[in-house]
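So the chains spell out like this:
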Amino acid sequence: MCEIELSKVNSAFFGTLEALGIAAKPGRTKDALPTLKLQLRNLLATRDRLASYDARRPHVAQLSMLRRTIHHVEQMARCYLHALAAPTPWEAKKYGQEAQTHIDAAGAVLEETALSNRAAALISSTPKLGHTFASVLSALAELHPKQSLTELELKGQEQYRQISGREGGTGTGVSYLALQLVADVHLSPQRFKQVIRGTAEVLASGQRELVAQLTNGKVVRDLLAAKQRGLEGHAQLTLMLSADLDGEAMFRQMLRLYWVLYEEVGIPIMAIMLKVCGVERDYDNLTADDAGTLAKRVGANAALKPLFYGLDKNYRNAASHGHTFRLEEDMAVFELRSYAESVLVEVVIDACYSLMESIYGIQLVLDAEISNLGLEGHQLQHLGPFQPSDLDTANALIRAMGYDAQLSRFTGTVWTLDVGSEVESLTGLAKSVSTLAPGYVDTLEIRQIARTDYRQFRMPLAAIRAFGAIDGADPIKEFVDLVFDWHQNDEPFLDRRRLRCAIASVAIRALVNDDLSSIPLLRRLHDRAGAAKDAEATVATSKTIRALRTKTILGKELVDCMQQWIDRELFALP
């Protein structure tokens, strides 16, 4: 439906522009008016059809976009009709300017939609379970280009804070952005935000009871298991969307997903929310009830009912008895002992997505609140069959940062990246990706291969991670520590000239500031100079260390010599 109407809106948009182009030609205005009026009539017919449609998932966002676009196209056409009939050039210009604002607005909506569709294609094209996480990161990278995982987390945290009025826990930001993307593609984006806001209000008002419940280890374990099932539900959805199933097969899979969300994910979530709202029965007694009984209790609670929209025991029962429903054209025919009805397939699909929208929103807020309380045991340590490999995860995060690694591989403890000349700062790349390596990798090798001067760097990850990690640290010592064990094209990065520059920079700064804490680094530089058989540099570091310890003044001749070393080699990071 939405794809057909989008085609009609686009046709009307460009048809109107074409008619206006004809009208703008000298002597053609009169001939163009009938065409423009016909385009407007067609446009109004499409507008009226769009207005008559029920906004059902997964087309809520698309329908909203189409309605916004056609509004601007209609106003543009009306403005140009007024302009063509205007009695004065001044009035015609005024209408033309107003029309341009609507052209710009319609273009912005279409551009926003194209971006969302590209992101949607990425999360809907998962070839296997382990790629689910990577697909979500790729989709986020499409929407938020060249942003690190830290930047995405901060952006998501801020958006979550604005909606919920609450602080998010670690990981809430990226989780929010990922779930909001799913909502923008498949659900109702506005209602998803309402679920987050409403859940945050319920948990804030029942904070004391929430804290009391979360001291029960079983509650946290159950919520963790529910999170796992929710992740599996998302993976199942993406696999379904990428599998190109026929209508009946897709319907069966949607109902199975509905059952998982209702039963396996929903029971602990409904129970904890009921407890927060003051239900006296204890958590274990509540979860001992079946999901239908819990759903009935939720539906009777004024605060919870709007949060759990989409709960329907009949669809849940049908999902658990696969032989009790069938499709007849656009209708789903249910034949249970307690429920027999024919329902539009799109109504059932909407209910399935609605429950997903409810569960995901409530889960997100619950998880954030648990993190804020400093509790552990609710974070997934491993995703089972959905767990991507270390390399898949690292590569997905690199792409999310906007880097295009032509090759990325782990070989023992070494992570090798091949990049092109478009990467201006190899050090910046190294710093960005240093936190992505698994624990068994201790060395990063970056090879810049799309250059006439091929460059290869090997860098200890520990030094890269430490660089810039301490506020107020001495920048020169940090710089030297960073590059101390680097190799460029299999040779020490600190060659004779750079090593002397490093020694002189550290030594002079240490002498000026009477900084005894520089002695360990000076000793390391002394040993490196000795290994390089640079007698002059070895003597300089020895005399500097002695001067610092004895509080004596270093000879002017040696100070002048070291200053010359600095002047000859002011090296920068690659």
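Located above this text is the structure these notes cover.
Nothing here was measured: the structure is a model prediction, and the numbers come from that model.

Criteria and thresholds
Residues numbered from 1 in each chain as written. Predicted model: local features only at pLDDT ≥ 70, side-chain atom pairs only at ≥ 80, totals over all residues. Heavy atoms only, no water. Salt bridge = Lys/Arg side-chain N within 4 Å of Asp/Glu carboxyl O. Helix = DSSP H or I, 4+ residues; strand = E, 2+ residues; numbered from the N terminus. Buried < 20%, exposed > 50% of the residue type's maximum accessible area, 1.4 Å probe, protein only. Axes fitted to C-alpha atoms, helices over the stretch in contact; angles between N-to-C directions. Parallel < 35°, antiparallel > 145°, perpendicular 65-115°, else oblique. Left-handed = near helix turned anticlockwise from the far one by under 90°. Contact = heavy atoms within 4.5 Å. Nonpolar A, V, L, I, M, F, W, Y, C, P; charged D, E, K, R; others polar. Pairing = 2+ DSSP bridges. Expected span 1.5 Å × (residues − 1). Polar contact = N/O pair within 3.5 Å; in protein donor to acceptor, adjacent residues only side chain to side chain.

(A) Here's a closer look at the pattern of salt bridges. Counted according to the given criterion, the structure contains 28 salt bridges. Arginine 524 is the partner of aspartate 481 in a salt bridge, and the nearest nitrogen-oxygen pair spans 2.7 Å. Remark: arginine 524 occurs in helix 21 (residues 519-531) and aspartate 481 occurs in helix 19 (residues 475-483); sequence separation between them is 43 residues. Using a relative accessible area of 34% as the deciding quantity, one classes aspartate 481 as partly exposed. With a shortest N-O distance of 3.3 Å, glutamate 536 and arginine 500 are connected by a salt bridge. Separated by 36 residues along the polypeptide, glutamate 536 in helix 22 (residues 535-550) and arginine 500 in helix 20 (residues 496-513) bring together distant segments of the chain. For glutamate 536, a relative accessible area of 40% gives the class partly exposed. One salt-bridge network, in which partners are shared between bridges, spans Arg47, Asp48, Glu74 and Arg78.

(B) How the structure looks around the packing of helix 22 against helix 23 (residues 556-568). Their axes nearest at 11 Å, the elements helix 22 and helix 23 cross at an angle of 125°. Viewed along their axes, helix 22 and helix 23 adopt a mutual orientation that is oblique. When the axes of helix 22 and helix 23 are compared, the crossing they make is left-handed. Residues Glu536, Ala537, Ala540, Lys543 and Thr544 of helix 22 form the contact with helix 23, whose own contacting residues are Leu558, Cys561, Met562 and Trp565. Class assignment for the residues of the contact of helix 22 with helix 23 results in six nonpolar, one polar and two charged.

(C) Fine view of the sheet that holds strand 8 (residues 487-488). Strand order in the open sheet made by the six strands is 4-5-6-7-8-9, with mixed pairing throughout. A single partner strand is all that each edge strand has here, and the edge strands are strand 4 (407-411) and strand 9 (491-492). When strand 5 (residues 414-419) meets strand 6 (residues 443-448), the two strands line up parallel, connected through six bridges. Within strand 6, the position partnered with tryptophan 415 by the bridge is leucine 444.

(D) Geometry of helix 15 (residues 345-372). The first and last C-alpha atoms of helix 15 sit 41 Å apart over 28 residues, in line with the 40 Å expected at 1.5 Å per residue. Most of helix 15 sits inside the fold, with 25 of its 28 residues counted as buried. With its phi angle positive at about 75°, glycine 374 sits one or two positions after the end of helix 15.

(E) Region of interest: the side chain of lysine 477. Within the secondary structure layout, lysine 477 lies in helix 19. Accessibility expressed as a relative area gives 17% for lysine 477, which makes it buried. Among residues more than four places away in sequence, those in contact with lysine 477 are Asp515, Ser517, Ser518 and Leu521.

(F) Quick peek at the packing of helix 20 against helix 21. Running from amino to carboxyl end, helix 20 crosses helix 21 at an angle of 155°, the nearest separation of the two axes being 10 Å. It follows that helix 20 is roughly antiparallel to helix 21 by the angle criterion. The handedness of the crossing between helix 20 and helix 21 comes out as left-handed. Between helix 20, through Leu499, Ala502, Ile503, Val506 and Ala507, and helix 21, the contact on the second element is made entirely by Leu521, Leu522, Leu525, Arg528 and Ala529.

(G) Geometry of the environment of serine 205. By the element assignment, serine 205 lies in helix 8 (residues 189-205). A distance of 2.8 Å separates a polar side-chain atom of serine 205 from the backbone oxygen of valine 202.

(H) How the structure looks around the sheet that holds strand 1 (residues 325-328). Strand order in this open sheet of three strands is 1-2-3, and the pairing throughout is antiparallel. At either margin of the open sheet sits one strand with a lone partner, and together these are strand 1 and strand 3 (340-344). Strand-to-strand twist across the sheet, computed as the mean angle between neighbouring axes with direction ignored, equals 20°. In this structure, strand 2 (residues 331-335) lies alongside strand 3, joined through five bridges in antiparallel fashion. Within strand 3, the position partnered with phenylalanine 334 by the bridge is glutamate 341. Each of strand 1 and strand 2 touches helix 11 (residues 247-276); the most contacted strand, strand 1, lies at about 145° to it. Sitting on the sheet, helix 15 is in contact with strand 1, strand 2 and strand 3, with an inclination near 85° to strand 3.

(I) Inspection of helix 11 at higher detail. Under the 1.5 Å per step criterion, the end-to-end length of helix 11 is 40 Å for 30 residues, consistent within 8% with the ideal 44 Å. By the criterion of burial, helix 11 is predominantly enclosed, with 22 of the 30 residues buried. Backbone geometry just downstream of helix 11 places glycine 278 in the positive-phi region, at approximately 100°.

(J) Quick look at the pairing of strand 4. As judged from the five bridges shared by strand 4 and strand 5, these two strands associate in the antiparallel manner. Looking at strand 5, one finds that threonine 411 is bridged to valine 414. Counted along the chain from strand 4 to the antiparallel partner strand 5, the turn is two residues long, and its residue glycine 412 has a positive phi close to 65°.

(K) Quick look at the side chain of aspartate 515. Position of aspartate 515 among the secondary structure elements: in the loop between helix 20 and helix 21. Of the polar contacts made by the side chain of aspartate 515, one reaches the side chain of serine 517; its length is 2.4 Å. Here the side chain of aspartate 515 touches serine 518 through a polar contact of 2.8 Å, side chain to side chain. With near-sequence residues (within four places) excluded, aspartate 515 lies in contact with Lys477, Ala510 and Leu548.

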